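Overview (structure and organization)
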Amino acid sequence: MRSFLPRVLSALLAPALLLGLAMVTAAPAPPPRAALSVPDKPGLYQRVLTRPAARLLAAPGGAVLPGPPLPPLSVLYVFGRQGAQGQDWVEVGAAAAGPAQGWIEAGQVIDWHQTLTLAFTRTSRRDPALFFRDHDRLAGLLEAADLGPGVARLRAALKSAPLPADFPVIAKEPDTYIDPNRQFYLLPILSFESVYLASGHETMLLKVAAVTLQAGEQGLSAPGAGEAGSAPKPGPQDAARPNPGPAANRPVGYRAGVVFVIDTSISMGPYIERTRAAVRRIYDRLRGSPLGARLSFGLVAFRSNVDAAPGLDYVSRVVATLEDGRDPATFQAKVAGVEEAKVSSKGFDEDAFAGVQDALERIDWTGFDARYIVLITDAGALDAKNPLGRTGLSAARLRLMAQEKDQSGGGKVAIAVLHLLTRAGLENHDKAARQYRELSRWGDAGDLYFPVAGGAVDAFGTQVDTLGDALLRQLESAAADRPIEVPEGPKADPVARKTALVGRAMQLAYLGRETGSRAPRLIEAWVADRDLLDPSQKTLEVRVMISKNQLSNLQETLQAIFAAGERTQLSTKDFFDQLRGAAAALARDPDQVGPLQVKRLGDLGLVGAWLDGLPYTSQVMNLTQERWVARSYAEQQEVLDVIEEKIALYRKIHDDTDRWISLNPRAPPGESVTTVPLDALP
């Protein structure tokens, strides 16, 4: 990311992001007309974001229309631009299809070019980010010889009140994690600067604005702080919520769900029994304890393709749900019949990804704040390229599904892998390790990949017990109102340490939900993208805001590319001829059908124009005919596999109704938005 962010930011003139337009009173609507297109990009519309106190006028320099000022960072489509009375004016509306609603002085809006948004990182190893009143105070602090004491003085002052009017810090990130999928907020970048620290790290100083959909806390803003002139007043949501005193911070309902996804192919019998024993051990320790109601187990068994080996009986089977695991006797009865297969699979790899997918999608995680999948196998996984695999997903896409999961009452699911390095799988170990390291990546914990040397049952049992003990310690800490401790030092067990890092992040996220942690309502301030004292820790991550219409365009275009690739696999030179026909079918402007030229995959539909507007390089969509023909059959198939994975991912995002936010009561449903990680783009 160090090399990526400067490239991202250097492409931005006035970076900004979508926000909703509140209901306004507009003049009688003229006949509908479409918003202005971006030059040379038909179908992509010009948009602007409002500054604080922006008002709609009936005409350039005319009367102010009835209604309150527009909310800061509202997104508006541009219908016209005009000079009048020595000023520039912009005609705007809430939806691309019209109608226009009024005029705003150009100085009150920011042209919206990109869809990048910054989000606070989910981590337990850094202090909350500080938002500074101006650039010079933040830069001066970072250049100071006494950086450590200087930061300590600021943080100490923030704990006392009142703060002086010229205090350098005007707000700080909440102490608990804010999930942007649940407490929606945006951090558009207004300007930036790259600096190098004495540690050798490159840090970006970012001028950002922040707005939430709900009224935020007054927080740390001193009187007169921020562009709005004062700290925001609490809204109705704040008045209705009890004052979150110390009792509100107690994680009374903090609960953990653990689903074992276990390979039940031939030779796995001893590990199945040892997993059962580990769960029995935990249940025995919890017997009679109030913590017993806070931990639940589930189990999914998987094998491989049953068409290739009918005697396997199943590819993946949910044996016990987390609801079953609430009662030890029920769970034990459910899993008692799990045994290894009687016949061998075709090939050494098993369909581990099918088991993980079922654990994510067929088990209800609602109400569980700490969410773990523990994959146990001695084989590699059937990935997206393998015709025997059921999911068509790669390790990266499956991990993305787990970490984007956002059911009610919880968030991301962490995947840990216990990989049995048996002698029989020696030639498979390296490939499987790469898959499982990718599958189990998690923030500052790195990956949750734990190999078991030699596949020894005793060593495996020790790791399973260590994992169980770590979860129990996390629950005990949460119940006692203590932060989950992370073991450090050379003697720290990697299973215990990494599990604790994940648990601490989940605990912070839980506290954020319970206490209503939110980003500040409105600030315009400077923040560093790395922790002030530990620049190895990122404070902000880059995400892309996308509307439902844009996601549909992405999916539709990728489906056309995939279909053309499937039809022309035996004649690669015909591939782009097929794409030209698809481009005509996807054209939104009938006048463009004749002269359409497809020189690269990104020329289809609106996707190429949209991606070209982002500081993002797409390896897939930038493929030209020459590069495509030069690829081998296997390399072409790899591209099609990636496209097929993206189509499946977009379908899941589209159908997840809970993650879509309607920012504008007057805009059509297709303009609802969500955010996705950069690596979700094609």
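Model, not experiment: these values are computed from the prediction.

Comments concerning the overall build of the protein
The secondary structure content of the protein amounts to 16 helices and 24 strands. Of the contacts formed within the protein by residues at least 6 apart in sequence, a portion of 74% connects residues at least 24 apart. Carbon and sulfur atoms provide 52% of the accessible area of the protein, an area that totals close to 28,100 Å².

Remarks on the environment of Asp324
As for its position among the elements, Asp324 is in the loop between strand 16 (316-320) and helix 6 (328-335). Taking the C-alpha atoms as reference points, Asp324 and Leu299, 25 residues apart in sequence, are found 9.6 Å from one another.

Digging into the packing of aromatic side chains
Counted by the stated rule, this structure contains 6 aromatic pairs. With centroids separated by 5.9 Å and ring planes inclined at 15°, the aromatic side chains of Phe260 and Phe297 adopt a geometry described as stacked. Note that Phe260 is positioned in strand 14 (residues 256-263) and Phe297 in strand 15 (residues 295-302), a separation of 37 residues in sequence. Residue Phe260 is classed as buried on the basis of its relative accessible area of 4%. Consider the rings of Tyr283 and Phe331, whose centres lie 6.0 Å apart with planes at 65°: the pair is edge-to-face. Within this pair, whereas Tyr283 is found in helix 5 (residues 269-286), its partner Phe331 is found in helix 6, the two being separated by 48 residues in sequence. Given the relative accessible area of 7%, Tyr283 is considered buried. The class of Phe331 is buried, set by a relative accessible area of 1%. Of the aromatic side chains, those joined through ring pairs into one cluster are Phe260, Tyr283, Phe297 and Phe331. The ring of Phe368 has Arg255 sitting right over it, with the charged end atom 4.2 Å from the ring centre.

Some words on the environment of Ser344
As for its placement among the helices and strands, Ser344 is situated in the loop between helix 6 and helix 7 (352-361). Judged by its relative accessible area of 48%, Ser344 falls in the partly exposed class. Separated by 32 residues in sequence, Ser344 and Leu312 have C-alpha atoms that sit 7.6 Å apart. Ser344 has contacts with Ile266, Ala309 and Leu312, leaving out every residue within four places of it along the chain.

Rules of the game
- Residues numbered from 1 in each chain as written.
- Predicted model: local features only at pLDDT ≥ 70, side-chain atom pairs only at ≥ 80, totals over all residues.
- Heavy atoms only, no water.
- Helix = DSSP H or I, 4+ residues; strand = E, 2+ residues; numbered from the N terminus.
- Contact = heavy atoms within 4.5 Å.
- Areas by Shrake-Rupley, 256 points an atom, 1.4 Å probe, with all protein chains shown as cover.
- Phe/Tyr/Trp six-rings, centres within 6.5 Å; stacked < 30°, edge-to-face > 60°.
- Buried < 20%, exposed > 50% of the residue type's maximum accessible area, 1.4 Å probe, protein only.
- Lys NZ or Arg CZ within 6 Å of the ring centre and 35° of its normal.

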